[in-house]
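Spelled out from the first residue to the last, the chains are:
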Amino acid sequence: MKLVALAGGTGAAKFLRGLCRVIDPADLTIVGNTGDDVELWGLYISPDLDTVGYTLGGLIDETKGWGVKGDTFQCRTAMAALGNDTYFALGDQDLAVHIYRTEQLRGGKSLSEVTESLRNKWSVACRLLPMSDDRVATRIKTPGGWLAFQEYFVRERCKPEVLDVAYDGAERSHPGPGVIEAILAADAVIICPSNPVSSIGPILAVPGIREALDETRAKVSAISPIVGGGAVSGPAGDMMRAKGFEISPLGVAAAYTGFLDQLVIDYADEISCEALRARGVAPVVTESIMGTREREVALARAAIERLG
Ligand code: FO1
């Protein structure tokens, strides 16, 4: 069964680790969010591509959910001593990836080409495609003005009120190589338990991707990142409110309206089943909190078992 997964953030990476235990990873193409990408210390950093690659490659720092396990931060300490901004914690091994990627990009390689070489070095068996090779930058409108995504998420710790979310450059961007073809050829498309606005929203904002999701014969299944009226982790609730989506499985279905066939929801939200069916979305009720590796596998199984 050919699968495509739209992914961004730490929840998606854990889910994909479970999915790769249930299907043959060679049948999976991940389309990764690049709206969180950031340039710091002269380096181009793609957090969501790295988090997926590190997780599937067994390198991820489980405690933090990002970065390389056991990494050191000597360079960061030295950069702070030089008076550099160090709000974004870049580990020494993690830096090697950012230096490699920046060097390759400067040499004329595309983000897709660099990501393909990195996923091979990480021994990741499935394909990992950036949503676009063009720069799309998620920006957060707050009462104090617009913030770049990582300024909001890390520097300000998601504290400012979210008034709006924008995807700078999306209108000029093109789907990355292989993205549209993978979606149209898929038997099933899975939207990972990611923030619908800041992780999946940028992917849907790339012209052509939402249209391909409407057109594909593949069944489209999403896992709700909202459980019991709130986000399992992170600022999804604040961002959904800013975009006018109800903070519930119905709000998630609304964010994916037009192409969503199935939504995996938690037992806590069983009450939403009726309204989801009324919107043409088949609910699948299961335990959605991935506290263990077994839960990751069980959630992945629940997401695909009715798509065959
Ligand atoms: N998240 C934090 O909360 N604090 C950090 O210092 C931090 C550093 C970091 C470095 C590399 C990387 O790939 C991710 C990092 N993240 C950090 C997580 C990142 O902000 C988020 O994973 C995504 O951008 C949102 O899904």
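Residues numbered from 1 in each chain as written. Predicted model: local features only at pLDDT ≥ 70, side-chain atom pairs only at ≥ 80, totals over all residues. Heavy atoms only, no water.

Asks: Describe the layout of surface pockets, and please don't skip the residues or the numbers.
Replies: Roughly 1100 Å³ of volume is contained in the largest pocket. Lining of the largest pocket is provided by 49 residues; of these, Gly9, Thr10, Gly11, Gly65 and Phe153 occupy positions nearest its centre. Broken down by secondary-structure element, the contributors of at least two residues to the lining of the largest pocket are helix H1 (9-22), helix H2 (47-56), helix H4 (92-106) and helix H6 (149-155). Of the residues that constitute the lining of the largest pocket, the class distribution is 23 nonpolar, 18 polar and eight charged. (1 Å grid on protein atoms, 1.4 Å probe; cavity = no way out; pocket = protein on both sides within 12 Å on 5 of 7 lines; lining within 4 Å. Points joined across faces, edges and corners; volume = space filled by probe spheres on them. Helix = DSSP H or I, 4+ residues; strand = E, 2+ residues; numbered from the N terminus. Nonpolar A, V, L, I, M, F, W, Y, C, P; charged D, E, K, R; others polar.)

Asks: So what's going on with the site of the ligand? Residues and values would help.
Replies: The environment of the ligand is formed by 13 residues, the closest being Asp36, Asp48, Phe88, Ala89 and Gln150. With respect to the ligand, the side chain of Asp36 contributes an N or O atom lying 3.0 Å from an oxygen atom. At 3.3 Å, a side-chain N or O of Asp48 approaches an oxygen atom of the ligand. In the complex, 90% of the free accessible area of the ligand, which totals 520 Å², lies under the protein chains. According to the grid-proximity analysis, the pocket containing the ligand is the largest pocket. At the level of secondary structure, the elements contributing two or more residues to the shell around the ligand comprise H2 and H6. (Near = heavy atom within 4 Å. Polar contact = N/O pair within 3.5 Å; in protein donor to acceptor, adjacent residues only side chain to side chain. Areas by Shrake-Rupley, 256 points an atom, 1.4 Å probe, with all protein chains shown as cover. Sits in = over half its atoms within 2 Å of the grid points.)

Asks: Which residues make up the packing of aromatic side chains, and what values do they have?
Replies: Where two aromatic rings form a pair, the distance of their centres and the angle of their planes describe that pair. One pass over the structure, following the stated rule, counts four aromatic pairs. Centroid distance Tyr54 to Trp122: 5.3 Å. Interplanar angle 65°. Geometry classified as edge-to-face. Linking Tyr54 in helix H2 with Trp122 in the loop between helix H5 (111-121) and strand S5 (127-130), this pair joins segments that are 68 residues apart in sequence. Of the two residues, Tyr54 and Trp122, neither departs from the other in class, the shared state being buried. On the numbers, 6.3 Å between centres and 70° between planes, the contact of Tyr87 with Phe88 is edge-to-face. A cation sits over an aromatic face here: Lys64 above Trp66, 4.9 Å from the ring centre. (Phe/Tyr/Trp six-rings, centres within 6.5 Å; stacked < 30°, edge-to-face > 60°. Buried < 20%, exposed > 50% of the residue type's maximum accessible area, 1.4 Å probe, protein only. Lys NZ or Arg CZ within 6 Å of the ring centre and 35° of its normal.)

Asks: So what about the nonpolar core? Which residues, and what values?
Replies: Leu6, Val189 and Tyr256 are the most contacted members of the largest nonpolar core, which has 49 residues in total. The leading source of residues in this core is helix H11 (residues 249-255), at four residues. Leaving out residues up to four positions away in the same chain, Leu6 has contacts with Val31, Val189, Ile190, Ile191, Cys192, Ile200, Ile203, Leu204 and Leu213. With 40 residues, the next largest nonpolar core counts Val97, Ile223, Val284 and Leu299 among its residues. (Core = buried A, V, L, I, M, F, W, Y, C linked by side-chain atoms within 4.5 Å. Contact = heavy atoms within 4.5 Å.)

Asks: Outline the sheet that holds strand S10 (residues 219-223), supporting the account with residue identities and numerical values.
Replies: A sheet is described by the order of its strands in space; here seven strands give the open sequence S5-S2-S1-S9-S10-S13-S14, paired in parallel fashion. Because the sheet does not close on itself, it has two edges, and the strands there are S5 and strand S14 (282-286). Averaged over all pairs of adjacent strands, the angle between strand axes in this sheet comes to 20°, irrespective of strand direction. Strand direction decides the pairing type here: strand S13 (residues 262-266) and S14, joined by five bridges, are parallel. Each bridged residue has a counterpart across the sheet, and for Asp266 the counterpart in S14 is Thr286. Against the sheet, H2 engages strand S2 (28-32) and S5, with an angle of about 170° to S5. (Pairing = 2+ DSSP bridges. Axes fitted to C-alpha atoms, helices over the stretch in contact; angles between N-to-C directions.)

Asks: Give a detailed account of the pattern of salt bridges, specifying residues and quantitative values.
Replies: Opposite charge on two side chains permits them to pair, given that their charged atoms come into close proximity. Using the criterion set out here, one finds 13 salt bridges in the structure. Residue Glu62 is joined to Arg293 by a salt bridge in which the shortest nitrogen-to-oxygen separation is 2.9 Å. Taken as a pair, Glu62 in the loop between H2 and helix H3 (74-81) and Arg293 in helix H13 (residues 293-304) lie far apart in primary sequence, 231 residues in all. What makes Glu62 partly exposed here is its relative accessible area of 45%. Residue class for Arg293 comes out partly exposed when judged on its relative accessible area of 38%. Arg155 is paired through a salt bridge with Glu151; the nearest N and O atoms lie 3.8 Å apart. In this pair, Arg155 and Glu151 are both assigned in helix H6, four residues apart and thus about one turn of the helix distant. A residue is classified by how much of its surface remains accessible, and Arg155, at 34% relative accessible area, is partly exposed. (Salt bridge = Lys/Arg side-chain N within 4 Å of Asp/Glu carboxyl O.)

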